[in-house]
Amino acid sequence: MSRKLSGLGAWVLQRATAIYIGLFGVALLGVMLVSPPTDYAQWRNWFADPLVGIATLVFIVSILLHAWVGIRDVLIDYIKPLWLRVSLLALLALGLLTWGLWASQSLILVRLV
């Protein structure tokens, strides 16, 4: 992507992930209001459903991308020393990657157990 379009790409990604996060939240709220899982076995079976697992994985990726774009833009705009900005961006990337791997592992383990 060219430098001229990089801001547009981040803007579109931020809006697209926000829409998915909102839709997933509404769907999750609907499920919890209609027939909430009441014990661990029901929760595990619900997340073991491939459709729910994929939708949840896309939700996790959406949150990670949304957070990356938002926090990255704030850091780029307000942190002027380059060394500090790069350090904070690296910590952010490491934290988001760690959280994403942990959440993905949880979804994988639900299907294996």
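Here goes a summary of the coordinates provided. Residue numbers run consecutively from 1 along every chain, following the written order of its sequence. This being a predicted model, a pLDDT of at least 70 is required before a residue's local features are given, and a value of 80 or more before pairs of side-chain atoms are given or counted; all residues contribute to the totals for chains, interfaces and linings. Note: side-chain values were computed over all heavy atoms of the structure, leaving out hydrogens and water.

Our focus in this paragraph is the overall build of the protein chain. Looking only at helices and strands, the protein chain features 4 helices and 0 strands. Helices (α) and strands (β) of the protein chain occur, in sequence order from the N terminus, as α-α-α-α. To get the radius of gyration, use the C-alpha atoms; to get the globule rule, take the number of residues to the power 0.38 and multiply by 2.2 Å. Taking 2.2 N^0.38 as the reference for a compact globule, 113 residues should give roughly 13 Å; the C-alpha atoms of the protein chain span a radius of gyration of 17 Å, well beyond that estimate. Seen along its three principal axes, the alpha-carbon backbone of the protein chain occupies a region of about 50 × 25 × 25 Å. Residues are treated as being in contact if the distance between any of their heavy atoms lies within 4.5 Å. Contacts spanning at least 24 positions in sequence make up 70% of the contacts within the protein chain whose residues lie at least 6 apart. For helices the rule is a DSSP run of H or I covering at least 4 residues; for strands it is a run of E covering at least 2, with both sets numbered from the N terminus onward.

Attention now goes to a nonpolar patch on the surface. Residues enter a patch when their relative accessible area is above 30% and they make no salt bridge; the linking distance is 9 Å between like charges and 5 Å between nonpolar side chains (Val, Leu, Ile, Met, Phe, Trp, Tyr). With residues, only the protein chains shown are counted as cover, and all accessible areas are computed by Shrake-Rupley using a 1.4 Å probe. Salt bridges are defined as contacts in which a side-chain nitrogen from Lys or Arg sits within 4 Å of a carboxyl oxygen from Asp or Glu. Judged by side-chain polarity, Leu13, Leu57, Val61 and Leu65 come together as a nonpolar surface patch covering roughly 280 Å² of accessible area. On the secondary structure map, valine 61 appears in helix 3 (residues 50-78). What makes valine 61 partly exposed here is its relative accessible area of 40%. The classification of residues rests on relative accessible area computed with a 1.4 Å probe and restricted to protein chains. Under 20% of the type maximum is buried, over 50% is exposed, and intermediate values are partly exposed.

Bringing the pattern of salt bridges into the picture now. Inspection of the entire model under this criterion finds 1 salt bridge. Across the pair aspartate 73 and arginine 72 runs a salt bridge, and its minimum N-O distance is 2.9 Å. Accessibility expressed as a relative area gives 29% for aspartate 73, which makes it partly exposed. The exposure class of arginine 72 is partly exposed, given its relative accessible area of 23%.

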